[in-house]
Amino acid sequence: MKVSFPHMGYLYIPLKTLFKGLKLEVIAPPPISQKTMELGVKYSPEFACLPLKINMGNFIEAMEQGADTIVMAGGWGPCRFGYYAQVEREILQELGYDFKMVILEAPDSRISELLLQLKALGEKVSVREAYKAIRFAWKKLIAIEKLEKMLEYCLPRAVDKNHMETIFERALQAVDEAESQQEVEKIAQESLREMEKSPFKSAEVLKIGLVGEIYTILEPASNCHVARCLGRLDAHVSRSIYVSDWVNDHLFGGYLRKSNHKQIMQSSRPYLNYEVGGHGRETVGSTVDFARLDYNGIIQIAPLTCMPEIVAQSILGKVSEELEIPCMTMYFDEHSGAAGVYTRLEAFVDMLQRKKNLPSSPLLLEARA
Amino acid sequence: MSRVGIPRSLFYYYYYPLWKSFFSDLGVEILTSAPSNRHTVERGIELAVDETCFPIKVYLGHVAELCREELDYLFIPRLVSVEARSYICPKFMGLPDIVRALIKETPPLIDITVDLSRDEKCFKKDIIRVGRLFTRQASRIQLAYQHGCEELRLCRSLASQGFTMEEAIKIWEGGAMEAEPETDLNIGVLGHGYSLYDERISMNLVKRLRAMNCKVLLPEHLGSEVVEAEAATVPKRVFWTLGRKMLGSALHLSQREDVDGIIYLACFGCGPDSLIGEIIERKVRDCKPFILLTVDEHSGEAGIITRLEAFCDMLRRRRNCGSESKLSPYGVSLHSFENTV
């Protein structure tokens, strides 16, 4: 059995570790490229949202490399994601691929069921080994997120931004290859220290909250690398969602660590008073929280036609007005061009910098010249 | 006498008889907006964010129209789920909040939450809460609600005799039944009721087909047991109420000898339809001629008419030529090139 799975940000690193721990052979899909997008768009329903199309590209590329089992998450609506796997399976079967699809139906807050599903995947592993695999994968996930947060902090403040990104990429690869928990910790510590020690500019930076739909936030290839671009434009970006929060809240029922999910939901009142599926309510709640923390602006990102995010967007206008925080919404699909996205980001950052009387970032000055 | 406004849009087409009887029994005067027209659409487009789907834009237009009237309350239910373990669409779940955020001056909203996904407890409490706005007697509220449910059943049984929900509501309110035209084609027409029965959104799809001598079969005519049983044949239960109804109806219609073709009306950017439409197309295209019509505020009527005419012509020629082949109207060659990866 050669297992594969869809990409979502850096999630492939802990997933590879998890499946290896379950004694499975893993074939991670190649990194998302133009070819992935083209394949996905060609074989997906025209009006499906972008994550489904990228999933399809991932699956086709993974199967071309020999994968014969796909692990995919499920769900029970109302967001479309819950029905992704069903449609994807139909299409792949019609394309003539011979494969097995394992769908992990997220059992809200029932870790035991998830463990059973995972154990059923690994053929000859004991419960103890399954537990160990999950723990190691979780450690890697936490290490990666520490690195990501550090990059978000350091990139806008760094003198040499390329150097900062290089440290990050190198650390990521080392974590991917690490064989033990001690090794992961050592890599994380060293890389974090190296990032901290790099020379910083003294100028104040903008703080921008990035909210929206989970896949678009986590997968840089789906959003033209919005977070990195903002960092390079001297803006400190805080995301509303990290993978570990989602895993903790939805798979482990808030069991692994204290969750601020309730607080975010509370903040969404009185603007949005009920669940709307996906991360629509979180988007509104996080926006309110960011505004209260004196962030300079909010960028909402989502795949085009994302239902929960359209609800959130309809409401963000009022939040923006009442809490006096500039908000911008960007939708992404296969037609999103990087240049157009950068122009909008530059304009937004420029506007915020003027509003705050900050000097324009050198990149902007360069662009203007 | 209190006055409550009900927008003639979205779930008006599925639940109006219930709410009208309920409020009337409590001594409330009901005011509905006019059927969707150019002004409703224009006002809706102005208010909504661009990416919103057409039916929600139209709904906002209706709400804006009602906001200009002298009303005590505006009825904007939050429809989360109308049956166990199923949902409508995320946009319905945020409807009262969207209205509050986008329209500045509204009468007080009655934003009752309809969430029957787990149990009916909260909904029953909410019914009482709403009733209390107009009367103190809890028993009167309960009776009014029961009466409403009965009226709704009556109206639905009217619709099952071959009418659209919109026509059934008109007949229920005392209108005359129209004589059935002569027909030579049976066409199954699927789509969310709020786009299918709204004459502006569907551009009169049902009436146009009838004018082309077609008998139109709608999900309301098929009997919910048959539809549910067919829908249960897919590997994973569809968790959208309307999507499941559509899928079950499509599967049922595609197996019926007397059905000549199937038309699916979708609105551009509709989330559930983007996946359900795909599944239906895959299941149906080997058995019956099928077209998917996608409409939005930019759709021209001429384009729709042309496609309907072509579809009907094709069905008639197919039958008259005696070509009983089960060849899909897509033809084989259209799809074969896609199989060469």
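- Chain A goes by DUF2229 domain-containing protein in an unreviewed UniProt entry, where it is assigned to Syntrophomonas wolfei subsp. wolfei.

**Regarding the UniProt feature "domain: DUF2229" (unreviewed entry) in chain A**
Consideration 1: UniProt records the feature "domain: DUF2229" (unreviewed entry) at residues 10–71 of chain A, using the numbering of this structure.
Consideration 2: The distance separating the terminal C-alpha atoms of residues 10–71 of chain A is 16 Å; by composition the span is 56% helix and 8% strand.

**So, the interface of chain A and chain B**
Consideration 1: Contacts between the two partners involve 44 residues from chain A and, on the opposite side, 41 residues from chain B.
Consideration 2: Between chain A and chain B, the buried area comes to about 3800 Å², and carbon and sulfur atoms account for 67% of it.
Consideration 3: Of all residues in chain A, A:Trp76, A:Tyr83 and A:Tyr274 bury the most surface against chain B, accounting for 20% of the area lost on that side.
Consideration 4: For B:Arg282, the salt bridge goes to A:Glu94, with nearest N and O atoms at 2.9 Å.
Consideration 5: Where chain A packs against chain B, one counts 10 residue pairs in polar contact (both at pLDDT 80 or more).
Consideration 6: Elements that contribute at least two residues to the side of chain A that touches chain B include exactly α4 (81–94) and α14 (307–323) of chain A.
Consideration 7: A per-class count over the side of chain A that touches chain B returns 26 nonpolar, 10 polar and eight charged.

**Considerations on the pattern of salt bridges**
Consideration 1: Under the criterion given, the structure shown has 37 salt bridges over all chains.
Consideration 2: Its salt-bridge partner being A:Asp234, residue A:Lys201 comes within 3.4 Å of it at the nearest N-O pair. Of the two residues, A:Lys201 sits in the loop between α8 (181–197) and β5 (206–212) while A:Asp234 sits in the loop between α10 (226–232) and β6 (235–239), which places them 33 residues apart along the sequence.
Consideration 3: The exposure class assigned to A:Asp234 is buried, which follows from its relative accessible area of 12%.
Consideration 4: As a salt-bridge pair, B:Arg38 and B:Glu42 come within 3.3 Å of each other at their nearest N and O atoms. Of this pair, B:Arg38 and B:Glu42 both sit in helix α2 (residues 38–47), four residues apart, which is roughly one turn of the helix.
Consideration 5: In this structure B:Arg38 comes out as partly exposed when scored by relative accessible area, which is 47%.
Consideration 6: Given a relative accessible area of 39%, B:Glu42 falls into the partly exposed group.

**What to know about empty space enclosed by the protein**
All names here are of chain B.
Consideration 1: If you walk through the whole model with that rule in mind, you get five cavities of 30 Å³ or more.
Consideration 2: Quantified by volume, the largest cavity comes out at close to 140 Å³.
Consideration 3: As for the largest cavity, its lining consists of 15 residues, and the residues nearest its centre are Ser9, Phe11, Tyr12, Phe75 and Pro77.
Consideration 4: Of the residues forming the lining of the largest cavity, the biggest block, four residues, is contributed by helix α1 (residues 12–25).
Consideration 5: When the residues that make up the lining of the largest cavity are grouped by side-chain class, the tally is 14 nonpolar, one polar and no charged.
Consideration 6: Along the walls of the second largest cavity sit 17 residues, with Cys53, Pro55, His192, Tyr194 and Cys270 positioned nearest its centre.

**Section: the sheet that holds strand β10 (residues 290–295) of chain B**
Residues and elements named next belong to chain B.
Consideration 1: Reading across the sheet, the four strands line up as β8-β7-β9-β10 and stay open at both edges, with parallel pairing between neighbours. The open sheet is flanked by β8 (214–217) and β10, the only strands paired with a single partner. Ignoring which end each strand starts from, the neighbouring axes of this sheet average 25 degrees apart.
Consideration 2: Inspection of the sheet shows strand β9 (residues 261–267) paired to β10 by six bridges, in the parallel sense. Directly across from Ala266, in β10, lies its bridge partner Thr294.
Consideration 3: Packed on one face of the sheet, helix α12 (residues 241–255) meets β7 (185–191), β8 and β9 and runs near 160 degrees to β7.
Consideration 4: Against the sheet, helix α13 (residues 271–284) engages β9 and β10, with an angle of about 165 degrees to β9.

The rules behind each value
Residues numbered from 1 in each chain as written. Chains lettered and ligands numbered in written order. Predicted model: local features only at pLDDT ≥ 70, side-chain atom pairs only at ≥ 80, totals over all residues. Heavy atoms only, no water. UniProt positions renumbered as here; feature names shortened; annotations may be inferred. Helix = DSSP H or I, 4+ residues; strand = E, 2+ residues; numbered from the N terminus. Contact = heavy atoms within 4.5 Å. Buried area = accessible area lost by both parts, 1.4 Å probe. Salt bridge = Lys/Arg side-chain N within 4 Å of Asp/Glu carboxyl O. Polar contact = N/O pair within 3.5 Å; in protein donor to acceptor, adjacent residues only side chain to side chain. Nonpolar A, V, L, I, M, F, W, Y, C, P; charged D, E, K, R; others polar. Buried < 20%, exposed > 50% of the residue type's maximum accessible area, 1.4 Å probe, protein only. 1 Å grid on protein atoms, 1.4 Å probe; cavity = no way out; pocket = protein on both sides within 12 Å on 5 of 7 lines; lining within 4 Å. Points joined across faces, edges and corners; volume = space filled by probe spheres on them. Pairing = 2+ DSSP bridges. Axes fitted to C-alpha atoms, helices over the stretch in contact; angles between N-to-C directions.

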